[in-house]
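# Structural characterization, general
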Amino acid sequence: MDGDGRSPSPAARSPRLFLGARAERWLYALVAGAATLWVACLFYASMRLQTSYTGTLPLAKPGEWSAPLDDVFIHFDFARAIARGHPFEWSEGNGYSSGGTSLLYPFVLAFGYWVGFRRMNLMIWAAIIACVSVLALLLGSRRLFRDLPRWTSYLLLPALLGVGVLDWSFFSGMEVALFLAVWVGTLIAWDDLLRGPPDAAPPPRPGRMALLLGVWGGFLVATRPEAAVLVALFSLSAGAVIRQRHGTRTALRAVLFSALPGAFMVIGHAVLNKIYTGDSTAAGALVKLEMYHPHLNRSQVLDAWWFHVKYQFMRIGDYHLSDVRGVGFIPYVLALVSLVPRTTRRYGAMLVGSTVIWVAITALNGQVRWQNERYVMPAVAWMLLAAALGTAVLIGKTWALGRRGKVLRVATTAIAVVAVGLSAYHQRSKFRDQVWFFGRASRNIRDQHMRVGRLLRLLEPRPHRVLVGDAGAIPYVSDLPALDIIGLGGYKRLPFDRATRLGIGAGIELLERIPPSDRPDLLAIYPSWWGTFPLWFGEVLAEVPVEGNVICGGAAKVLYRPHWSSFEGSDRPFATAPGERVADELDFADIVNEAAHQYVLDGAVGYVDMKLLPNPASPTKDVWDAGRIAPQGSRERFVLHHLAPRKPTRLLFRGAPAQPAEIMVSVNGHSIGKVFLPAREGWVEVPLMVPADVVKETSSVELTAERGEHVLHHLFVLQRP
């Protein structure tokens, strides 16, 4: 029966390439498997060919396995930790991390690590997973063609394997191939719920099949958390059909069963994040999504989202799918054709709907333009599936009876052949480019990131902890404890993911919180990413360059021996009166300290600045501190704790003003005076007395920037016993 209760069309009952059904299925599987291996070998051979070149580079092994993205090694880091008994840890000993893009994929990789695919051989296991997953996608996607002549399903092979940029992501070592394999399992469960398996009795009652769909949806969300929107699409569309057949109550039960596992996965992940990091939002979202960018307002986020929507549409159609303008949009049109006939409309709607929803979700990601557009590749796969289905409609469907039907059949077939031929012809050079790019990118990662990791293992004394700015291959190859300053790796509940996005100064504030014995004793970073950070805190040890760079974040990764001595003295006043004690302190730009004091900055974006200046009490030593930039007219509000009530209190404001500024200060609703910050080429600490009758154990403070922009780095609250 088809989706509307009718018998399958004559086309669906047509002979299968002159073979029996079972023999034809085996033939398709054989052809699909051979095609998958052939394309995979093209890309991996390019990698091995490129990495066979070592030139004069030390620590580079000729012909070794690598990966075209450093992010692949983030999965490898998680997988190795799992295999060693530390699940959900990026670097063993750092504690729980929410920075992985997939929950399930590292566990699949970990099995390979556990059975013997160690070090760079883990990439071989990732390649095996990719090939098996792509084959599963090709086999499962035949379900889309159940109402069309079976031979038309062979269009899947060129559609999914003939586009270079999609193959690049499939075989890159990322989770894209596994995700689409799980997706096609979800698609089949959805189709079985609505129509039953092919050649089976009438569709079964929805309960059990809806639960099976839910299980697949749970795995889908575990593979990519943002797939929750796809689970909703599967569940709601199934509920709409079931409601027409079995009524509202049965439909609601089916929606509940099919959606709950995915919902539990999302909620459970958020709860774990909250428990172990203090933030329910995953680190990857905080670092990458524009909606969490601390310096963008709602209008700017919307503008960025719309820009990325248009970018994805144009970049795929106008660049990746063709070497000439316009031709790359042919698959878009063919995808829409799948919406025309009733026999394919439901499948076409699911594919096109999934594409649109995924593009809308990934447009929130500020990094969607990087890494060969890997984030949008699932949408590209669904669009190409819809295009293959639309092409099959044009060449395999009987549009009318008699002579008119034959004419229409010839015309639509001719249109399809020309369209597909034109697309294929202009994809050839793009496919070759992607094969080359795969190999060159893999060589870049080998030449720079992997070599840095090997160099770290040879250093004497061996580093205790390495600070990195891209959290993948360096920790994996070196097998050293690491700290990711961007925040994807995670370190013992310290919110580097939120801090560093404010500015590197806020990230360094968190480094102050790490015990000196556990702070990184080596930096492996791109100096151009971090402003004055490496200049102020690092001594250059070595540089690891990369030739012909197409994927790395810089021409050279620089190793620094850090010194954190400028942290000393930052957390206490330069001078105090006899008998005074520090009752409380607000460390501006330290977001942990700010949160404890309920700090809010109104009327400003909240940019972070930092200074490294001589200590007035000991001019031969420098003191580093970061602060918030508060422009004229802005207000800062916060709460001070643990004060002795009704005691004389002195507020000490630390800054290094580049220009004069005046700040009106209110405590517990009482205006207590103004602070004048003079322009000074050095640290200055300006006091302000608080009347004893104003002071409470917990006191609210408001600072108003009345004249000039100011940057406060620290506020100390001093009291006498």
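Keep in mind it's a predicted model, so treat the numbers as computed, not measured.

## Quick word on the sheet that holds strand S12 (residues 661–667)
Reading across from one edge, S7-S10-S15-S12-S13 is the order of the five strands in this open sheet, with antiparallel pairing throughout. The sheet is open, and its two edges are formed by strand S7 (600–602) and strand S13 (670–677), each paired on a single side. Across this sheet, the average inter-strand angle for adjacent strands is 20 degrees, counted without regard to direction. Alignment of S7 against strand S10 (residues 635–640), held across three bridges, turns out to be antiparallel.

## Comments concerning the packing of helix H7 (residues 176–195) against helix H14 (residues 342–362)
In the contact formed by H7 and H14, the axes pass within 12 Å of each other and the chain directions differ by 140 degrees. The pairing of H7 with H14 is recorded here as oblique in orientation. Once H7 is placed against H14, the crossing between them reads as right-handed. Counting all contacts with H7, which are made through Phe179, Trp183, Leu187, Trp190, Asp191, Leu194 and Arg195, the residues of H14 involved are Arg346, Tyr347, Met350, Leu351 and Trp358. Of the residues that constitute the contact of H7 with H14, the class distribution is nine nonpolar, no polar and three charged.

## Topic: the packing of aromatic side chains
Under the defined criterion, the tally for this structure stands at 42 aromatic pairs. Aromatic pair Trp190 and Tyr347: ring centres 6.5 Å apart, planes at 70 degrees, arrangement edge-to-face. Of this pair, Trp190 sits in helix H7 while Tyr347 sits in helix H14, and the two are 157 residues apart along the sequence. Pairwise contacts between aromatic rings join Phe43, Tyr44, Trp65, Trp168, Phe170, Phe171, Phe431, Phe437 and Phe438 into one cluster. The aromatic ring of Tyr28 is capped on one face by Arg142, whose charged end is 3.9 Å from the ring centroid.

## So, a nonpolar patch on the surface
Together, Val266, Ile267, Val271, Leu272, Ile275 and Tyr276 give the surface a local cluster of nonpolar side chains, amounting to about 520 Å² of exposed area. Judged by its relative accessible area of 32%, Leu272 is partly exposed.

## Regarding the layout of surface pockets
There is about 1100 Å³ of room inside the largest pocket. Lining the largest pocket are 40 residues, with Gln367, Trp370, Gln371, Trp529 and Ile551 sitting closest to its centre. Counting residues per element, the ones that place at least two in the lining of the largest pocket are helix H2 (71–83), helix H11 (283–288), helix H12 (298–320), helix H16 (402–458) and helix H18 (496–502). Top contributing element to the lining of the largest pocket by residue count: H16, with seven residues.

## Observations regarding the confidence of the model for the protein chain
A residue-level look at the protein chain finds 96% of positions with pLDDT of 70 or above and a mean pLDDT of 92. Low pLDDT (under 50) marks residues 1–17, which in the prediction has 29 contacts with non-local residues, meaning those over four places away or in another chain.

## Digging into a positive patch on the surface
A cluster of basic residues, Lys61, Arg119, Arg457 and Arg462, forms a positive patch on the protein surface. Structurally, Arg119 is set in the loop between helix H3 (104–115) and helix H4 (122–140). According to the relative accessible area criterion, Arg119 is exposed, its value standing at 59%.

## Remarks on the environment of Gly63
Within the secondary structure, Gly63 is located in the loop between helix H1 (21–51) and H2. Of the residues examined, Gly63 reaches a relative accessible area of 13% and is grouped as buried. Each C-alpha atom of the pair Gly63 and Ser52 lies 3.9 Å from the other, and the pair is eleven residues apart in sequence. Residues contacting Gly63, with those up to four places away along its chain left out, are Arg48, Thr51 and Ser52.

## Quick look at the pattern of salt bridges
Should their charged atoms come close, side chains of opposite charge can pair. With the rule as written, the count across this model stands at 33 salt bridges. Arg146 is the salt-bridge partner of Asp191, the closest N and O atoms lying 2.5 Å from each other. Here Asp191, found in helix H7, pairs with Arg146, found in the loop between H4 and helix H5 (156–161); they are 45 residues apart in sequence, far enough to count as distant. Under the relative-accessibility criterion, Arg146 is labelled buried at 14%.

## Quick word on unusual backbone geometry
The linkage connecting Glu460 with the following residue, Pro461, adopts the cis geometry, with an omega of -5 degrees. Positionally, Pro461 belongs in the loop between H16 and strand S1 (466–468). For Phe88, which is not glycine, the phi dihedral falls at a positive 65 degrees. Along the chain, Phe88 falls in the loop between H2 and H3. The class of Phe88 is partly exposed, set by a relative accessible area of 29%. One non-glycine residue, Asp479, adopts positive backbone phi at about 55 degrees. As for its position among the elements, Asp479 is in the loop between helix H17 (473–478) and strand S2 (482–484). Relative accessible area serves as the criterion here: at 33%, Asp479 is assigned to the partly exposed category.

Here is what the cut-offs are and how they apply
Residues numbered from 1 in each chain as written. Predicted model: local features only at pLDDT ≥ 70, side-chain atom pairs only at ≥ 80, totals over all residues. Heavy atoms only, no water. Pairing = 2+ DSSP bridges. Helix = DSSP H or I, 4+ residues; strand = E, 2+ residues; numbered from the N terminus. Axes fitted to C-alpha atoms, helices over the stretch in contact; angles between N-to-C directions. Parallel < 35°, antiparallel > 145°, perpendicular 65-115°, else oblique. Left-handed = near helix turned anticlockwise from the far one by under 90°. Contact = heavy atoms within 4.5 Å. Nonpolar A, V, L, I, M, F, W, Y, C, P; charged D, E, K, R; others polar. Phe/Tyr/Trp six-rings, centres within 6.5 Å; stacked < 30°, edge-to-face > 60°. Lys NZ or Arg CZ within 6 Å of the ring centre and 35° of its normal. Patch = residues over 30% accessible without salt bridge, like charges linked within 9 Å, V, L, I, M, F, W, Y side chains within 5 Å. Areas by Shrake-Rupley, 256 points an atom, 1.4 Å probe, with all protein chains shown as cover. Salt bridge = Lys/Arg side-chain N within 4 Å of Asp/Glu carboxyl O. Buried < 20%, exposed > 50% of the residue type's maximum accessible area, 1.4 Å probe, protein only. 1 Å grid on protein atoms, 1.4 Å probe; cavity = no way out; pocket = protein on both sides within 12 Å on 5 of 7 lines; lining within 4 Å. Points joined across faces, edges and corners; volume = space filled by probe spheres on them. pLDDT = per-residue confidence, 0-100. Lys, Arg positive; Asp, Glu negative; His and termini not counted. Charge placed at Lys NZ, Arg CZ, Asp CG, Glu CD.

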